[in-house]
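Spelled out from the first residue to the last, the chains are:
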Amino acid sequence: MKDSPNEADWQGLVKSTTDHTQNALKAFICGLTSDPVVAEDVLQETLLRTSKSVKFAELENPLAYMITVAKSVLYDFQRKAVPNAVEWHCVDMEAANDSPDTQYQNASKLAFIETVLANMSALRRDVFIMRRVDGMSRDDIATALDISVEAVKKHLTRAMVELTLRLEEAGWADGTE
């Protein structure tokens, strides 16, 4: 039985990629992510995309090309991990098995979080809501607010720290609620 073109390309890519090239590519990917499962998935997807997009033997610098593809693959993995936008004012916190006490605690916690957010600087609150509630990327937030991506990261980190500290101080973050 003859291999399909894609299967033949895949086998040819794996055979023609030296162990050194694959090891170098894997080391590069592992430097970008600390999750070995994601690293292996990115490596396999990189090899697959490379086999579909070009004739591997014609590449002048296969490792450089594969590193570029790996960056794109990892970006796709990370983009899929960003939470979807949530209408936080419309979330119905009531479940079928929620007791009135649980409903009260959830409402109290949400009110507390809203208070903490209201006491943050407007920029920090906007960055936090755009990222964690609306699901916007850091780059999009930076563009929308006319600040650097590093400033977005700083505000997100500080907002999370402030929320965590305030929740712990109020007894909400100890896992016993």
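The structure displayed is predicted, hence computed values, not measured ones.

### Some thoughts on the environment of Phe128
Stage number 1. Its location among the elements puts Phe128 in helix H6 (residues 122-133).
Stage number 2. Classification of Phe128 by relative accessible area gives buried; the value is 8%.
Stage number 3. Excluding its chain neighbours within four sequence positions, the residues that come into contact with Phe128 are Leu117, Val133, Leu156, Ala159, Met160 and Leu163.

### Some details on the packing of H6 against helix H7 (residues 138-145)
Stage number 1. In the contact formed by H6 and H7, the axes pass within 10 Å of each other and the chain directions differ by 140°. Here H6 lies oblique to H7, going by the angle between them. When the axes of H6 and H7 are compared, the crossing they make is right-handed. On the side of H6, the interface is formed by Leu123, Val127, Met130 and Arg131, while H7 contributes Arg138, Ile141, Ala144 and Leu145.
Stage number 2. Looking at the contact of H6 with H7 residue by residue, the classes come out as 6 nonpolar, no polar and 2 charged.

### Some remarks on the packing of H6 against helix H8 (residues 149-169)
Stage number 1. For the pair H6 and H8, the least separation of the axes is 9 Å and the interaxial angle reads 90°. Classed by the angle they form, the pair H6 and H8 counts as roughly perpendicular. Across from Leu123, Arg124, Val127, Phe128, Arg131 and Arg132 in H6, the residues of H8 making contact are Val152, His155, Leu156, Arg158, Ala159, Met160, Glu162 and Leu163.
Stage number 2. Of the residues belonging to the contact of H6 with H8, the class tally is 8 nonpolar, 1 polar and 5 charged.

### Side note on the pattern of salt bridges
Stage number 1. Scanning the model with the defined rule gives 5 salt bridges in all.
Stage number 2. Put simply, Glu45 and Arg49 hold a salt bridge, and the shortest N to O gap is 3.0 Å. Highlighted residues: Glu45 and Arg49, both in helix H3 (residues 36-53), separated by 4 residues, approximately one helical turn.
Stage number 3. Residue class for Glu45 comes out partly exposed when judged on its relative accessible area of 27%.
Stage number 4. Looking at Arg49, the relative accessible area reads 27%, which means it is partly exposed.
Stage number 5. Each of the salt bridges in this network shares a partner with another, and the network as a whole consists of Glu45, Arg49 and Asp76.

How each quantity is defined
- Residues numbered from 1 in each chain as written.
- Predicted model: local features only at pLDDT ≥ 70, side-chain atom pairs only at ≥ 80, totals over all residues.
- Heavy atoms only, no water.
- Helix = DSSP H or I, 4+ residues; strand = E, 2+ residues; numbered from the N terminus.
- Buried < 20%, exposed > 50% of the residue type's maximum accessible area, 1.4 Å probe, protein only.
- Contact = heavy atoms within 4.5 Å.
- Axes fitted to C-alpha atoms, helices over the stretch in contact; angles between N-to-C directions.
- Parallel < 35°, antiparallel > 145°, perpendicular 65-115°, else oblique.
- Left-handed = near helix turned anticlockwise from the far one by under 90°.
- Nonpolar A, V, L, I, M, F, W, Y, C, P; charged D, E, K, R; others polar.
- Salt bridge = Lys/Arg side-chain N within 4 Å of Asp/Glu carboxyl O.

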